[in-house]
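Chains, contacts and geometry: an overview
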Amino acid sequence: MKNQNDHALSIREFESALRAKNELTAVRLLLSYPLVNWVSQYFSRTRAADRQLDFINLCRSIIDRHREKLADAEYEHFDRYLLLSKLAAFDRLNLFYEYIKLFEYIREHYTYSIRYSQTKKGAVFDSYIIVPEDIATQLVPEGAKTFAPTYTHFLYPAHRRYEVIKRKYDRMKSDQHVQARAQAEDLPDSERARRQFEMEVLLNHFVERFSQHNE
């Protein structure tokens, strides 16, 4: 019941933001719980990756334009989601080269981290370990029986998919058969329509309301 109440409240707040043409509030709601789960499921179910890229770019332009109004933690939360969503869209569209280049760019230029309570072993894991400046200054008390937490780059969980994409790209360059991911057109018409129904109106209103300000 709580999830349903949260969802209904967020929808009402989102509709209010649309009426008020408050783009920052609208994007905050779409990229936060519970609506962000709904948005992710919509693009996953419909496989509408082209449209997902348009949505990502619109959200990106809004949060960048209002950067000074966002706390660092809030901006990072949105930024992480949009970066990972763009990788997912490239993956869905079988844009192997674009996926690889974006992945490598993010890994080189971003320092967002995720925390592990204990160190895993392995060269791949070790290659993703990063030590944020605010963590590096925190020393483990002498004689402590627990290890300091390990912080890895936030792309570490996507490493396996990155390796798969690289192999697909190598096979494509050598003219070998590559198993492409299914596109929206591969779904039966009735199923595609059902999946799209949940988010169609909401996202249409969002894009129509605010895209003109970002052209």
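Residues numbered from 1 in each chain as written. Predicted model: local features only at pLDDT ≥ 70, side-chain atom pairs only at ≥ 80, totals over all residues. Heavy atoms only, no water.

**What to know about the overall build of the protein**
In plain terms, the rule: A run of H or I in DSSP counts as a helix once it spans at least four residues, and a run of E counts as a strand once it spans at least two, with each numbered from the N terminus. Whether a residue is buried, partly exposed or exposed follows from its accessible area with a 1.4 Å probe, protein chains only, as a fraction of its type maximum: under 20%, in between, or over 50%, in that order. Residues are treated as being in contact if the distance between any of their heavy atoms lies within 4.5 Å. All accessible areas in this document rest on Shrake-Rupley with a 1.4 Å probe, and a residue is counted as covered only by the protein chains that are shown.
Along the protein, the regular secondary structure elements total 10 helices and two strands. Along the protein, helices and strands appear, N-terminal first, in the series α-α-α-α-α-α-β-α-α-β-α-α. Evaluated residue by residue, the protein yields a buried proportion of 40% over its 215 residues. Counted over contacts in the protein with a minimum sequence separation of 6, partners at least 24 positions apart contribute 73%. By element, 51% of the accessible surface of the protein is carried by carbon and sulfur atoms, the whole surface being about 13300 Å².

**Some words on the packing of helix α4 (residues 49-65) against helix α5 (residues 72-92)**
To describe two helices that pack against each other, one gives the angle between their axes and the distance between the axes. Quick note on the threshold: Working convention: axes come from line fits to C-alpha atoms, limited for helices to the stretch in contact. Angles between N-to-C directions cover 0 to 180 degrees. Roughly parallel covers angles under 35 degrees, roughly antiparallel covers those over 145, roughly perpendicular covers 65 to 115, and oblique covers all other angles. Left-handed is the label given to a crossing in which the near helix is rotated counterclockwise from the far helix by less than a right angle, and right-handed is the label when the rotation is clockwise. Gly counts as polar in this scheme, as do all residues outside two lists: the nonpolar Ala, Val, Leu, Ile, Met, Phe, Trp, Tyr, Cys and Pro, and the charged Asp, Glu, Lys and Arg.
The interhelical angle for the contact between α4 and α5, taken along N-to-C directions, is 160°, at an axis separation of 9 Å. When the interaxial angle is binned, α4 and α5 end up roughly antiparallel. The way α4 lies across α5 gives a crossing that is left-handed. Side by side, α4 and α5 meet where Ala 49, Gln 52, Leu 53, Ile 56, Asn 57, Cys 59, Arg 60, Ile 63 and Asp 64 of the first sit next to Tyr 75, Phe 78, Asp 79, Leu 82, Leu 83, Ser 85, Lys 86, Ala 89, Phe 90 and Arg 92 of the second. Residue classes in the contact of α4 with α5 are distributed as 11 nonpolar, three polar and five charged.

**Here we look at the nonpolar core**
The following threshold applies: Nonpolar core, defined: a set of buried Ala, Val, Leu, Ile, Met, Phe, Trp, Tyr and Cys residues in which side-chain atoms within 4.5 Å join the residues together.
Membership of the largest hydrophobic core comes to 55 residues, with the highest contact counts inside it found for Phe 14, Val 27, Leu 30, Leu 31, Phe 55, Phe 103 and Phe 206. Residues in contact with Phe 14, not counting those within four places in the same chain, are Ala 26, Leu 29, Leu 30, Leu 35, Leu 202 and Phe 206.

**What to know about unusual backbone geometry**
Going from Tyr 33 to Pro 34, the amide bond is cis rather than trans, its omega being 5°. Non-glycine residue Arg 47 carries a positive phi angle of around 60°. Among the secondary structure elements, Arg 47 is positioned in the loop between α3 (35-46) and α4. The phi dihedral of Asn 94 falls on the positive side, at around 60°, and the residue is not glycine. One can find Asn 94 in the loop between α5 and α6 (96-109).

**Some thoughts on the pattern of salt bridges**
Selection criterion: The term salt bridge refers to a pairing of a side-chain nitrogen on Lys or Arg with a carboxyl oxygen on Asp or Glu at a separation within 4 Å.
Across all of its chains, the model carries nine salt bridges by this definition. Measuring nitrogen to oxygen at the nearest pair gives 2.7 Å for the salt bridge that ties Arg 65 to Glu 23. Of the two residues, Arg 65 is situated in helix α4 and Glu 23 in helix α2 (residues 23-30); the sequence distance between them amounts to 42 residues. Residue Arg 65 is classed as partly exposed on the basis of its relative accessible area of 35%. Among the salt bridges present, the one from Asp 91 reaches Arg 161, with a minimum N-O distance of 2.8 Å. Of the two residues, Asp 91 is situated in helix α5 and Arg 161 in helix α9 (residues 159-173); the sequence distance between them amounts to 70 residues. Overall, Arg 161 belongs to the partly exposed group, its relative accessible area being 28%. Overlapping salt bridges bring together Arg 60, Asp 64 and Asp 79 as one network.

**With respect to the environment of Arg 60**
Basically, it comes down to this: Any pair of nitrogen or oxygen atoms within 3.5 Å is treated as a polar contact; in protein, a donor-acceptor pairing is required on top of that, and neighbouring residues in sequence qualify only through side-chain atoms on both sides.
Within the secondary structure layout, Arg 60 lies in helix α4. Taking the C-alpha atoms as reference, Arg 60 lies 7.4 Å from Leu 82; in sequence the two are 22 residues apart. Setting aside anything within four residues of it in sequence, one finds Arg 60 in contact with Tyr 75, Asp 79, Leu 82 and Leu 83. At a separation of 2.6 Å, a polar atom in the side chain of Arg 60 contacts the side chain of Asp 79.

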